[in-house]
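What follows is each chain in one-letter form.
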Amino acid sequence: MQYTVVLNEEPGGQWRAIVPLVPSCAAEAPTRNEALEQIKAKLIAAAPSFEIVQIEVPTNGAQNGQLKAGVEERWPGFGMFKDDPNWGEFFDELDRQRQ
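Residues numbered from 1 in each chain as written. Predicted model: local features only at pLDDT ≥ 70, side-chain atom pairs only at ≥ 80, totals over all residues. Heavy atoms only, no water.

(A) Local environment of the layout of surface pockets. Estimated volume of the largest pocket: approximately 660 Å³. Taken together, 16 residues make up the lining of the largest pocket; nearest its centre are Tyr3, Thr4, Val5, Asp95 and Gln99. Listed by contribution, the elements that provide at least two residues to the lining of the largest pocket are β1 (6-9), α1 (32-46) and α3 (87-98). At five residues, α1 tops the list of elements feeding residues into the lining of the largest pocket. (1 Å grid on protein atoms, 1.4 Å probe; cavity = no way out; pocket = protein on both sides within 12 Å on 5 of 7 lines; lining within 4 Å. Points joined across faces, edges and corners; volume = space filled by probe spheres on them. Helix = DSSP H or I, 4+ residues; strand = E, 2+ residues; numbered from the N terminus.)

Listed below in structure tokens is the structure:
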């Protein structure tokens, strides 16, 4: 399985790695590669103890409409690219350029 890892170089030169899908999975190391190796080891150790599921939440009804309005008020444009067929390609290209 592949996981998205967010890497950030801290002001002191340390590298911090976080797995957004597994919030408890984070690591800090002096180099980018060491941070990635630590994250990989933590994911291997943690994988048997967590489960990834998807649930369906209905989008109709007054309560959901209120939630949607609240999200749009706080984050204008939220979800505006959800139907863009090139969205995934855009992020793939970003990943290629970063490597």
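Anyway, onward from the coordinates.
(B) Summary view of a negative patch on the surface. Residues Asp84, Glu89, Asp92 and Asp95 make up a contiguous surface patch of negative charge. Residue position: glutamate 89 is located in helix α3. (Patch = residues over 30% accessible without salt bridge, like charges linked within 9 Å, V, L, I, M, F, W, Y side chains within 5 Å. Areas by Shrake-Rupley, 256 points an atom, 1.4 Å probe, with all protein chains shown as cover. Salt bridge = Lys/Arg side-chain N within 4 Å of Asp/Glu carboxyl O. Lys, Arg positive; Asp, Glu negative; His and termini not counted. Charge placed at Lys NZ, Arg CZ, Asp CG, Glu CD.)

(C) Quick look at the sheet that holds strand β2 (residues 15-18). Taken in spatial order, the three strands make up an open sheet running β1-β2-β3, and their pairing is antiparallel. Strand pairing shows two members of the sheet lacking a second neighbour, β1 and β3 (26-29), which therefore form its edges. Each strand axis lies, on average, 15° off the axis of its neighbour in the sheet, ignoring direction. In the sheet, β2 pairs with β3 via four bridges, with the strands oriented antiparallel. (Pairing = 2+ DSSP bridges. Axes fitted to C-alpha atoms, helices over the stretch in contact; angles between N-to-C directions.)

(D) Representation of the nonpolar core in the model. Within the largest apolar cluster, 10 residues are counted, these being Trp15, Ala17, Val19, Val22, Cys25, Ala27, Ala29, Ala35, Ile39 and Leu43. Put simply, the parts of the chain that give this core at least two residues each are β2, β3 and α1. (Core = buried A, V, L, I, M, F, W, Y, C linked by side-chain atoms within 4.5 Å. Buried < 20%, exposed > 50% of the residue type's maximum accessible area, 1.4 Å probe, protein only.)

(E) Layout of the pairing of β1. One ladder, built from four bridges, connects β1 with β2; its direction is antiparallel. Pairing of valine 6 across the sheet is with isoleucine 18, part of β2. A loop of five residues connects β1 with β2, the two strands running antiparallel in sequence, and glycine 13 in this loop sits at a positive phi of about 95°.

(F) Expanded view of a nonpolar patch on the surface. On the surface, a nonpolar cluster with roughly 350 Å² of combined accessible area is contributed by Met1, Leu21 and Ile52. If you trace the backbone, leucine 21 turns up in the loop between β2 and β3.

(G) Representation of the pattern of salt bridges in the model. By the definition in use, this model includes one salt bridge. Residue glutamate 28 pairs with arginine 16 through a salt bridge whose shortest N-O separation is 3.2 Å. Of this pair, glutamate 28 sits in strand β3 while arginine 16 sits in strand β2, placing them 12 residues apart in sequence. The exposure class assigned to glutamate 28 is partly exposed, which follows from its relative accessible area of 43%.

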